[in-house]
Amino acid sequence: MKAQNKIIILLISTFLIYTLLFSGFIYYSISNYVFTDFYKRLEIRAVTTAKIVLEDPLQSQSLKTISKEYLERLPNQKEHIFPIENGLVKEEVIGDMLPKSFVNTVLKDGQGTYKWQDEFHAGIRYKLSDGSKEYIVIVSAENYFTTHHMSYLRNLLLTSFAYALLLIVATSLFISKSIIKPLNNIIGEVKKISSENLHLRLDPKDSADVLNNLTSTFNDMLNRLETSFETQKNFISNASHELNTPLTAIIGEADYALSKERSNDDYKLALTKVMEQADKLDQKTKALLMLAQTGFNGKSQKFDKVRVDQLILDVKETVQNINSDFKVTIDFSLLPESPEKLKVRGNEQLLRLAITNIVMNGCKYSDSQPVLVALGASDSYVIVIVRDAGIGIPENELKYIYDPYFRASNTSMYEGYGIGLPLSRNIILMHDGQLNVSSSQNRGTTVEIRLPLGNYTL
Amino acid sequence: MNSARKILVPTDFSVRSLMLVPETIEKAKNERIEILLLHAIVQSSSITDLLFFSEAQFLKTAQSDEFTDACRLIQNKYDQQLKSIYPRIFIGNNQSNFNKFLNANKIEEAIIMNKFEMNFKSKQSFDPSNLLKKSQVKLNEIQWHQSTAITHQPTGSLSDLFFSRIITAQK
């Protein structure tokens, strides 16, 4: 069953049961109340009748006028008076008008009620004021008001129930739609994202509800997915770029050495050169493969304590292994005294990849001029700054630099695919950090990375 | 441990104006140091400004995040040696008041950056160098070396603080 239908049915049944219980309770208690009320009225009439009929006419004169003026006669009102003799009522006096059991109840308990079709009976045992004789007085009447009012109430409840049903159905439809709609929106947005446009993200709303949680969870997952995708692409782009040079050198050297007969020394020389290049190739491959580790250990990404100063030193080594022409100068002059301020919570492999990418970009686009890397810590952030004196980024293109595959207009002289920086930014964002790039064309670029301190104590 | 040399550094609340602080601290070798960052402003004559002026509020709006970050950075770097580094405002341009301010804060030393042009956000602010020069405080004049930053452009952000000395060293 569709979730929407489920919600509708659930809502309708809850509302219906509630309304039914509610109106049923009202009907039941009102009708109960009306019955008791009517019997009370009949009893009072029985007492008045007894006084008027049985007592001394002089004494009951005023009562007679009052009852005439103010007590209107009930529909089909009848009075019966039976004398009690020796504690019993003679059967022939009662006749067929009333059941004997009812008269006996009144005789025994002093009062009683009885209902036959629409006729209501209330009886009392009345003792004359001089105490000489006892009577049973019974007043019966049709309860016109009760039957009339109760049927009116019943109709009222039924019509209001019908209206409520309409309202309930409309409300349930509306509610189920308003619950389902944002979910459908999310589904629609997610469907648009595939491996081709992994950089797309869902639009988070401001409120802190479950749906927003879902959106951000999904975005987090996309971040991780994109990072691992891009890491592979990054590896391919780096490999195709960096591995070619030594390979060409090896092939060229070997080809040249084999082109004709040579002396032993010549062969030795050629082989040494091939060896040298092969060593370089080996180093590069190792460094690249290390970077290509996505930080996933098969199950989850491990976030652990990372010391940023060590990380920077590792980055320098990696960069120089990948291309020995690249120069990196590290400035530890503002290194905080306490090592606690250098520890962040993160994934070392990913962070290394991010910073290596940024440093390598610096080296590449500044024609191997030295790139400065500095490290410091404020109270809440570890700050890594990478500054080069390269070609810079044109000011009006700065806003596009995080788009995948975007390359600035002045980079045509350099090989690249526009993968590195978006990847680095993703990784930094995964660590709740910030990445700021400021640049002026032909003068250089400064990248500022801020990573939140991990609050590790010694 | 509580006695620390108190040094006054004029500031315009830019990261640039802090560049000489690390050098100053290192020159002091192992002495404990306290740094007071002085920002001078002229008292406004507007009655509403006078009524609602609050030093804390002014400091809060005048300091950028980068400036406070830079202060924390320096504090973290010289945690042992640097007792504290904090901004203060001096209001007015009256020499005798200024001398009283220096006395009250027990300042004996100040740094003046020659050829450093202060860049103020607020129109009220001014460079207190002249007041400092006329006071009794011991002055350390340091040449501001803007020209050294040619190869690596200054961005006006936090990163300037880092490389100032690398550049000086290269020179």
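For every chain, the first residue of the written sequence is number 1, and numbering continues from 1 along that sequence. Chain letters and ligand numbers both follow the written order, the letters beginning at A and the numbers at 1. Given that the model is predicted, a residue must reach a pLDDT of at least 70 before its local features are reported, and side-chain atom pairs must reach 80 or more before they are shown or counted; all residues, however, enter totals for whole chains, interfaces and linings. Hydrogens and waters are ignored; side-chain quantities use all the structure's heavy atoms.

Asker: Explain the overall build of chain A to me, please; I cannot follow it from the model alone.
Answerer: A tally of regular secondary structure across chain A gives eleven helices and eleven strands. Here chain A has a C-alpha radius of gyration of 49 Å; the compact-globule value for 458 residues is 23 Å, and the former is much larger. Across its three principal directions, the C-alpha atoms of chain A cover 160 × 50 × 40 Å. Burial analysis of chain A (458 residues in total) assigns 40% to the buried set. Under the scheme used here, helices are H or I runs from DSSP no shorter than 4 residues and strands are E runs no shorter than 2 residues, and both carry numbers assigned from the N terminus. Just to be clear, the radius of gyration here is over C-alpha atoms, and the globule rule we use is 2.2 Å times residues to the power 0.38. Exposure classes here rest on a 1.4 Å probe applied to the protein chains alone. A residue is buried below 20% of its type maximum, exposed above 50%, and partly exposed in between.

Asker: How do you make sense of the overall build of chain B when you look at a structure like this?
Answerer: From N to C terminus, chain B includes seven helices and six strands. Written out in order from the N terminus, the α and β elements of chain B read β-α-β-α-α-α-β-α-β-β-α-β-α. Residue-level accessible areas treat just the shown protein chains as cover; the underlying method is Shrake-Rupley with a 1.4 Å probe. As presented, chain B carries roughly 8,800 Å² of accessible surface, and 50% of it is formed by carbon and sulfur atoms.

Asker: So what exactly am I meant to see when it comes to helix H8 (residues 264-292) of chain A here?
Answerer: Since the α-helix packs 3.6 residues into each turn, any two residues three or four apart lie on the same face. Under the 1.5 Å per step criterion, the end-to-end length of H8(A) is 41 Å for 29 residues, consistent within 8% with the ideal 42 Å. Residue contacts follow a heavy-atom distance rule, with two residues in contact if any of their heavy atoms lie within 4.5 Å. Buried-residue contacts for H8(A) involve helix H6 (210-242), helix H7 (244-258), helix H9 (308-322) and helix H10 (348-364) of chain A. Here the expected span of a helix is defined as 1.5 Å times the quantity of residues minus one.

Asker: Teacher, can you tell me more about the pairing of strand E2 (residues 111-116) of chain A here?
Answerer: Sheet faces and side chains relate simply in a regular strand, where the side chains alternate between the two faces. Residues and elements named next belong to chain A. Pairing between two strands is assigned when DSSP locates at least 2 bridges connecting them. Looking at chain direction, E2 and strand E3 (residues 119-127) are connected through six bridges and run antiparallel. Each bridged residue has a counterpart across the sheet, and for Trp116 the counterpart in E3 is Glu119. The loop that links E2 with its antiparallel partner E3 comprises two residues; one of these, Gln117, has a positive phi angle of about 50 degrees.

Asker: Any chance you could explain unusual backbone geometry here in plain terms?
Answerer: Note on backbone geometry: most residues besides glycine have negative phi, and most peptide bonds are trans. Within the chain, A:Asn76 stands out as a residue other than glycine whose phi angle is a positive 60 degrees. If you trace the backbone, A:Asn76 turns up in the loop between helix H2 (61-70) and strand E1 (78-83). The exposure class assigned to A:Asn76 is partly exposed, which follows from its relative accessible area of 36%. If you check the backbone angles, B:Phe13 has positive phi at about 60 degrees while not being a glycine. Relative to the helices and strands, B:Phe13 is located in the loop between strand E1 (5-10) and helix H1 (21-27).

Asker: Looking at this model, I keep getting lost on the packing of helix H1 (residues 3-54) of chain A against H2(A). Mind explaining?
Answerer: Helix-helix packing: each pair is described by the crossing angle between the helix axes and the interaxial distance. All names here are of chain A. H2 packs onto H1 with a crossing angle of 135 degrees between their chain directions and a minimal axis gap of 9 Å. One finds that H1 runs oblique with respect to H2. As for how H1 packs across H2, the hand of that crossing is left-handed. Between H1, through Thr48, Lys51 and Ile52, and H2, the contact on the second element is made entirely by Leu63, Lys64 and Ser67. For this classification, the nonpolar set comprises Ala, Val, Leu, Ile, Met, Phe, Trp, Tyr, Cys and Pro, the charged set comprises Asp, Glu, Lys and Arg, and every other residue, Gly included, is treated as polar. Of the residues contributing to the contact of H1 with H2, the split by class is two nonpolar, two polar and two charged. Where helices are involved, their axes are fitted lines through C-alpha atoms of the stretch in contact, as for all axes, and angles between N-to-C directions lie from 0 to 180°. When an angle is under 35 degrees it counts as roughly parallel; over 145 it counts as roughly antiparallel; between 65 and 115 it counts as roughly perpendicular; any other value is oblique. Helix crossings fall into two classes, left-handed where the near helix is turned counterclockwise from the far one by less than a right angle and right-handed where it is turned clockwise.

Asker: Explanation requested: helix H4 (residues 100-109) of chain A in the structure shown.
Answerer: All names here are of chain A. Restricting attention to buried positions, one finds in H4 the residues Phe102, Val103, Val106 and Leu107. Buried positions in H4, seen along its axis, are confined to an arc of 140 degrees and lie on one side of it. Those residues of H4 that are exposed and aimed more than 90 degrees away from the buried face are Ser101, Lys108 and Asp109. Of the residues trailing H4, Gly110 is marked for its positive phi of about 90 degrees. This arc describes the spread of directions from the helix axis toward the C-beta atoms.

Asker: What is the right way to read the domain arrangement of chain A from this model?
Answerer: Interfaces are often described in size by the accessible area the parts lose on coming together. Residues and elements named next belong to chain A. The assigned domain composition of chain A is domain 1 (3-150), domain 2 (243-294) and domain 3 (301-458). For the domains described, the bounds stem from an automatic or database domain assignment. Each of domain 2 and domain 3 was reduced to a C-alpha centroid, and the two centroids are 31 Å apart. Contacts between the two partners involve nine residues from domain 2 and, on the opposite side, ten residues from domain 3. Summed over both partners, the accessible surface that disappears when two parts come together, traced with a 1.4 Å probe, is what is meant by buried area. Here domain 2 meets domain 3 over a buried area of about 900 Å², counting both sides, of which 60% is carbon and sulfur. Pairing of N or O atoms within 3.5 Å defines a polar contact, subject to two protein rules: one partner must be a possible hydrogen donor and the other a possible acceptor, and residues neighboring in sequence count only if both atoms are side-chain atoms. In this assembly, domain 2 and domain 3 are joined by one residue pair in polar contact (both at pLDDT 80 or more). Per-class residue counts for the side of domain 2 that touches domain 3 are four nonpolar, three polar and two charged.

Asker: Looking at this structure, how should I read the sheet that holds strand E8 (residues 371-377) of chain A?
Answerer: Across a sheet, strands are paired by hydrogen bonds formed along the backbone, either parallel or antiparallel in direction. Residue and element names in this part refer to chain A. Taken together, five strands build an open sheet; the order of strands is E6-E8-E9-E11-E10 and the sheet is mixed. The sheet is open, and its two edges are formed by strand E6 (328-331) and strand E10 (434-440), each paired on a single side. Averaged over neighbouring strand pairs, the angle between their axes works out to 15 degrees when direction is ignored. The pairing of E10 with strand E11 (residues 444-452) spans seven bridges and is antiparallel.

Asker: I tried to follow the side chain of A:Ser140 on my own but got confused; where do I start?
Answerer: Residues and elements named next belong to chain A. Here Ser140 lies in strand E4 (residues 134-142). For Ser140, a relative accessible area of 1% gives the class buried. Residues contacting Ser140, with those up to four places away along its chain left out, are Asn76, Gln77, Lys78, His80, Glu119, Phe120 and His121.

Asker: Teacher, can you tell me more about the packing of H6(A) against H8(A) here?
Answerer: Residue and element names in this part refer to chain A. Where H6 meets H8, the closest approach of the two axes is 9 Å, and the angle between their N-to-C directions is 165 degrees. Our classification of the angle between H6 and H8 gives roughly antiparallel. Handedness of the crossing formed by H6 with H8: right-handed. Residue-level inspection shows Thr231, Gln232, Phe235, Asn238, Ala239 and Glu242 of H6 in contact with H8, the latter providing Lys284, Leu288, Leu289, Leu291 and Ala292.

Asker: Which parts of the structure should I look at to understand the environment of B:Asn140?
Answerer: All names here are of chain B. Inspection of the secondary structure puts Asn140 in strand E6 (residues 138-143). Owing to a relative accessible area of 27%, Asn140 belongs among the partly exposed residues under this scheme. With 110 residues separating them in the primary sequence, Asn140 and Asn30 have C-alpha atoms 18 Å apart. If sequence neighbours within four positions are ignored, Asn140 has contacts with Glu109, Ala110, Ile111 and Ile112.

Asker: Even after reading the chapter, I still don't get the nonpolar core, so can you show me in this structure?
Answerer: Buried together is how nonpolar side chains tend to be arranged in soluble globular proteins. Residues A:Val319, A:Val359, A:Leu375, A:Val384 and A:Ile449 are the most contacted members of the largest nonpolar core, which totals 49 residues. Listed by contribution, the elements that provide at least two residues to this core are H8, H9, H10, E8, strand E9 (381-388), helix H11 (420-430), E10 and E11 of chain A. In terms of domain composition, this core takes at least three residues from each of domain 2 (243-294) and domain 3 (301-458) of chain A. Not counting the four nearest positions on each side in its chain, A:Val359 is found in contact with A:Val315, A:Val319, A:Val328, A:Val371, A:Val373 and A:Val386. Of all hydrophobic cores here, the second largest spans 37 residues; its members include B:Val9, B:Leu37, B:Ala70 and B:Phe162. The term nonpolar core refers to a set of buried residues drawn from Ala, Val, Leu, Ile, Met, Phe, Trp, Tyr and Cys, joined through side-chain atoms within 4.5 Å.

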